[in-house]
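# Residue-level structure breakdown
Residue strings, one per chain:
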Amino acid sequence: VASTQGCSVVKTYCGHGIGELFHTNPNVPHYAKNKAKGMVKPGHIFTIEPMINLGSWQCETWPDDWSAVTLDGSRSAQFEHTMLVTDTGIELLTARENEPVMEWKEELLQR
């Protein structure tokens, strides 16, 4: 989906399972044609946390070992949600009541 909008998805980071340890299997890549295998089942908890770039998918980490920036200096956005797999689908554990839904409005663009 990102590529149809002229964007790329960072391949360096991925979502992950949450269990007795914070970062556990499965790894959840957010980009197409990845080699991830496995199935989620009711009771599994995992995150999705894609980073979408306006340029190249490649990035680097600053010396603080936390901040990530695009190699080409393009803009990037990231979000994270945690989900619980249920018998009927998923429950979004990080949803907040009355959280505004983001809307794309051309008139608000600053470019």
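Residues numbered from 1 in each chain as written. Predicted model: local features only at pLDDT ≥ 70, side-chain atom pairs only at ≥ 80, totals over all residues. Heavy atoms only, no water.

### Comments concerning the overall build of the chain
What counts is decided by this rule: Helix and strand labels come from DSSP, where a helix needs a run of H or I of at least four residues and a strand needs a run of E of at least two; each type is numbered from the N terminus. Under the scheme applied here, a residue whose accessible area is under 20% of the maximum for its type counts as buried, over 50% as exposed, and between as partly exposed, the area being computed with a 1.4 Å probe on protein chains only. Whether two residues are in contact is decided by their heavy atoms, any of which lying within 4.5 Å being enough. Per-residue and other accessible areas follow the Shrake-Rupley method at a 1.4 Å probe size, with only the shown protein chains counted as cover for residues. In this count, Lys and Arg are taken as positive residues and Asp and Glu as negative ones, while His and the chain termini are left out. Charge coordinates come from a single atom per side chain, which is NZ of Lys, CZ of Arg, CG of Asp or CD of Glu.
Of regular secondary structure, the chain possesses zero helices and 10 strands. Listing every helix and strand of the chain by position from the N terminus yields β-β-β-β-β-β-β-β-β-β. Counting the 111 residues in the chain, one finds 20% classified as buried. Sequence separation of 24 or more characterises 52% of the internal contacts of the chain that already satisfy a separation of 6 or more. For the chain, the exposed area adds up to about 9100 Å²; of that, 55% sits on carbon and sulfur atoms. Charge centroids of the chain, computed over 9 positive and 14 negative side chains, lie 11 Å from each other.

### Let's talk about the packing of aromatic side chains
Filter applied, for reference: Within 6.5 Å between ring centres, the rings of Phe, Tyr and Trp (the latter by its six-membered ring) count as paired, and their orientation is classed by plane angle as stacked under 30 degrees, edge-to-face over 60, tilted in between. In our convention, an over-ring charge means Lys NZ or Arg CZ found within 6 Å of a ring centre and within 35 degrees of that ring's normal.
Inspection of the entire model under this criterion finds zero aromatic pairs. Directly above the ring of Trp57 sits Lys11, whose terminal nitrogen or CZ lies 5.0 Å from the centroid.

### Focus on the sheet that holds strand β8 (residues 76-78)
For sheets, the rule is that strands pair by backbone hydrogen bonds, running either parallel or antiparallel. We count it as follows: Should DSSP find at least two bridges between two strands, the strands are regarded as paired.
If you trace the three strands from one edge of the open sheet to the other, you get β1-β5-β8, paired in antiparallel fashion. Of all the strands in the sheet, the pair left with one neighbour each is β1 (8-9) and β8. Across two bridges, β1 lies against strand β5 (residues 51-53) in antiparallel orientation. When the sheet's bridge partners are listed, Ser8 is paired in β5 with Asn53.

### Quick word on unusual backbone geometry
Asn25 connects to Pro26 through a cis peptide bond whose omega is 5°. Tracing the backbone shows Pro26 in strand β3 (residues 24-28). Positioned with a positive phi, Lys33 is a non-glycine residue whose angle comes to about 55°. Tracing the chain through its elements places Lys33 in the loop between β3 and β4 (45-48).

### A closer look at the pairing of strand β10 (residues 89-92)
For a regular strand, the rule is simple: side chains alternate between the two faces of the sheet. Pairing of strand β9 (residues 81-86) with β10 involves four bridges; the strand directions are antiparallel. Considered in β10, the bridge of Thr86 is made with Gly89. Here β9 hands over to β10 after two residues, the two strands then running antiparallel side by side.

### Here we look at the environment of Lys105
Inspection of the secondary structure puts Lys105 in the segment after β10. Taking the relative accessible area as the measure of exposure, Lys105 reaches 37% and is therefore partly exposed. The sequence separation of Lys105 and Cys14 amounts to 91 residues, and the corresponding C-alpha distance is 29 Å.

### Comments concerning the side chain of His30
Let me state the cut-off plainly: Under the rule applied, a polar contact is a pair of N or O atoms within 3.5 Å (in protein, one hydrogen donor and one hydrogen acceptor; residues adjacent in sequence only if both atoms are side-chain atoms).
Residue placement: His30 occurs in the loop between β3 and β4. A polar side-chain atom of His30 sits 3.1 Å from the main-chain amide nitrogen of Gly15. A distance of 3.0 Å separates the side chain of His30 from the backbone nitrogen of Glu49, its partner in a polar contact. Excluding anything up to four places from it in sequence, His30 contacts Val9, Tyr13, Cys14, Gly15, Ile48, Glu49 and Pro50.

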